[in-house]
Each structure stands twice: as structure tokens, then as C-alpha cells.
Amino acid sequence: MSSSSDEKSAMEESRLEVMECEKEIQSIKSSLKSLTSSSGGAETSNNSLQVSVHKINARGEDSTTPGTFKVNLSSPIEERTITQLFDPLDPTAEGGIITFEQLETSNALLTIEAFSGADDALVKVGTSAAHDLLPLCQDGEKSSSTVEIAIVSESSGEPVLESKESDEWEDAVDEEKAEDEGAAKEGDAQSPTKEAKLQLPLCTLSVQLEYTPSANDKRDSLYEKLNEVSKRKAAAIEKLRQSAAAVNRAKMAESDEGKGKGGNVVKAGFLNKSKPEAKAVPFWKRWYEKTIGPQSMLWVVGPIAKNYVIFIGCSVFFHYKGDLLALPPPV
């Protein structure tokens, strides 16, 4: 009984999953229809990316705080300049937000260069690492994210963190490896000291990225989701079919067990019951049915032979007594 209940619960879960996938498919199809009806024009054919700097976290009080930022995009290869921090009271202020259009989201990289000083005498303070924009743009929907980007100096005068690994620690590691392998090695040369250098950032920028997809990006994303949901639905249907087959097998096994224990079974000899004897038909009824009854020969053959009898009788009468029908001779 427990196995049968497990199979029934699995079948119910598969059925619910199929219904959920069907709802998702209908929702995606309706979104595609609405997107097709509303798409059109140059405004929806291009995607866009808006970049703004909201906050500068300097490393120390003596460090130089940049005021101008040049944002470089790899695909398309473009450069925009941010001259001030984003002002929430005036979001459309010039120099506070920049916009890139027609992005190739599959290989777009974002790099920020920081400058200090006046506009006519900018001094480059540092640059950031290249940041991939694909995680932000791959959903096919309008998304906004705040990213912390570190600005690192390109000069060699910045402080560097150094970490050295001692020879004794490396010898201990070599000895452990030799013990695990089961073969001791003699005369191993000591490995040289390794130095790992970590350069501290000058400052950290809180950069807000807002991506607006195009109609084609939305359509591609919806088709990808539709394919994924269709695969899930096919797998759920297959699981449902297997669960239903397992439930049927469990029911057949239970019915076989019931028959073996003498449960609801058909008793032997139920077809050999004696039928009641037919009563003898009276003579007058048999005579009536054979002579003038509705199933008698008279009523079966009479309507068919009536026309033939009339034709033959008229022919014989005209042949032998036709003169009786002749007109009298003229006087």
C-alpha cells in the first residue's frame, strides 16, 4: 500500500508540474503577442545602458579623490565622460549620467578611468578592471544594479602588500606529498621563495548600471524561456506517463492478491443455471399464425401475387368473353 501511495503522490506532482508549465507557456506566448503588437520604430529597436557614479569611497584622507570619469565600452567601442556625481534631485543633470546604445551584450566590457584636476588639465589617477556586462543583460528585461568598482593606480609608487611563503612550510608540503605517494625522494631542491603582490585600490566607486533591452532582445529571451519550459513540460509528461503506468501495475497487483485470497471473485458455474421450460403453444394459435395471421403465407404472398392474378384474369376474360364489351353494329 505504501508503494502505491508513493506512486500516486508522484503522479499528482507530475500532473501539477505539467499544469504549471502549461501556464508558463501561455504566459510567455501572450507576452510574445503583446510584444509583437507593440514593437515598431527606432525607439524599441536599440538597447541602451545608462551609467552613473553615486558615491566615491576614498582609501584615506590623503588620497586624491577623482572628479572626472571616462567610461569605456568595448562593444561598441565608445567612450563617455562623467563630470559629476549623480544628483537624485536632478537626475537629468548634464554630466551626471551617460547612455550607451546598440550594445553587443555577449562581449561588452566596461572600464572606468578616473581623472582629477580641472577640465583643461586632467591628470589620470587610475583605472579599473574590465567588467563583463552579460550577467546584467542576459535576462532580456529592464534591470538596474549597483556595482562597486575599484580604481587602481597605474604608477609604481603605490603601497604593495607582500606575502612570503617560508622554505620550511614548502618542505613540509613536499614531505606530505611524498608520504601520500609512498615513495620518499632524496635530495629534493628547495623551491624558491614566492612573493605575491596585492595592490591596494585608490578608491571605490558605487556605479549604477541600468540596462534597457530592445524588442529583439526581449523576443530572444522569451523564446529561450519558451524552449526551456517546453523541455520541462516534456520531461514532466514523460514522468507522469511512467507514474501512471506504475499506479496501474500496483492496482493490478492488488487485484491479483485479492483474487488469491478469495475476495470479490466470480463463482464457478454461474453460466450453468437452468433455464425455465417453454410452455406448449395451443393448437388454435398455431393454426391462426399459419393461415390468416400476420406472419401467414396469405399475408406474405398475397400482396405480391395480387397484380399477377388481376392481369391473368383480365387477359383470360378478354380472350373468351371480349365480344361482350364490343359496341352494337350500326342500324
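Quick look at the structure, then. These numbers were taken from a predicted model, which means no experiment stands behind them.

**Let's talk about the packing of aromatic side chains**
A ring pair, where both rings are aromatic, is described by two values, the distance of the centres and the angle of the planes.
Part 1 of the reasoning: Under the counting rule described, the total for this entry stands at one aromatic pair.
Part 2 of the reasoning: The ring of Phe 115 is capped by Lys 70, whose NZ or CZ atom sits 5.0 Å from the centre of that ring.

**Looking at the environment of Arg 232**
Part 1 of the reasoning: With respect to the helices and strands, the residue Arg 232 is situated in helix α4 (residues 215-260).
Part 2 of the reasoning: On the accessibility criterion, Arg 232 (34% relative accessible area) is partly exposed.
Part 3 of the reasoning: Separated by 211 residues in sequence, Arg 232 and Cys 21 have C-alpha atoms that sit 7.1 Å apart.
Part 4 of the reasoning: When sequence neighbours within four positions are dropped, the list of residues in contact with Arg 232 reads Cys 21 and Glu 24.

**A few points about the nonpolar core**
Part 1 of the reasoning: Leu 49, Val 51 and Leu 133 are the most contacted members of the largest nonpolar core, which has 24 residues in total.
Part 2 of the reasoning: Contributing elements (two or more residues each) for this core: β1 (48-58), β2 (68-74), β4 (98-101), β5 (109-116), α2 (134-137), β8 (143-151) and β11 (203-212).
Part 3 of the reasoning: It is β11 that provides the largest number of residues to this core, a total of five residues.
Part 4 of the reasoning: Every residue in contact with Leu 49, bar those within four places of it in the chain, is listed here: Ile 98, Thr 99, Phe 100, Leu 103, Leu 133, Leu 136, Leu 209, Glu 210 and Tyr 211.

**Description of a nonpolar patch on the surface**
Part 1 of the reasoning: Side chains of Phe 283, Trp 284, Trp 287, Tyr 288, Ile 292, Leu 298 and Trp 299 sit close together on the surface and give an oily, nonpolar patch of about 900 Å² of accessible area.
Part 2 of the reasoning: For the nonpolar patch, the elements supplying multiple residues, two or more each, are α5 (283-291) and α6 (297-321).
Part 3 of the reasoning: Take the nonpolar patch: its biggest share by element is four residues, from α5.
Part 4 of the reasoning: Along the polypeptide, Trp 284 turns up in helix α5.
Part 5 of the reasoning: What makes Trp 284 exposed here is its relative accessible area of 59%.

Reading guide: rules and limits
- Residues numbered from 1 in each chain as written.
- Predicted model: local features only at pLDDT ≥ 70, side-chain atom pairs only at ≥ 80, totals over all residues.
- Heavy atoms only, no water.
- Phe/Tyr/Trp six-rings, centres within 6.5 Å; stacked < 30°, edge-to-face > 60°.
- Lys NZ or Arg CZ within 6 Å of the ring centre and 35° of its normal.
- Helix = DSSP H or I, 4+ residues; strand = E, 2+ residues; numbered from the N terminus.
- Buried < 20%, exposed > 50% of the residue type's maximum accessible area, 1.4 Å probe, protein only.
- Contact = heavy atoms within 4.5 Å.
- Core = buried A, V, L, I, M, F, W, Y, C linked by side-chain atoms within 4.5 Å.
- Patch = residues over 30% accessible without salt bridge, like charges linked within 9 Å, V, L, I, M, F, W, Y side chains within 5 Å.
- Areas by Shrake-Rupley, 256 points an atom, 1.4 Å probe, with all protein chains shown as cover.
- Salt bridge = Lys/Arg side-chain N within 4 Å of Asp/Glu carboxyl O.

Remember that the coordinates give geometry; whether it matters functionally is a separate question.
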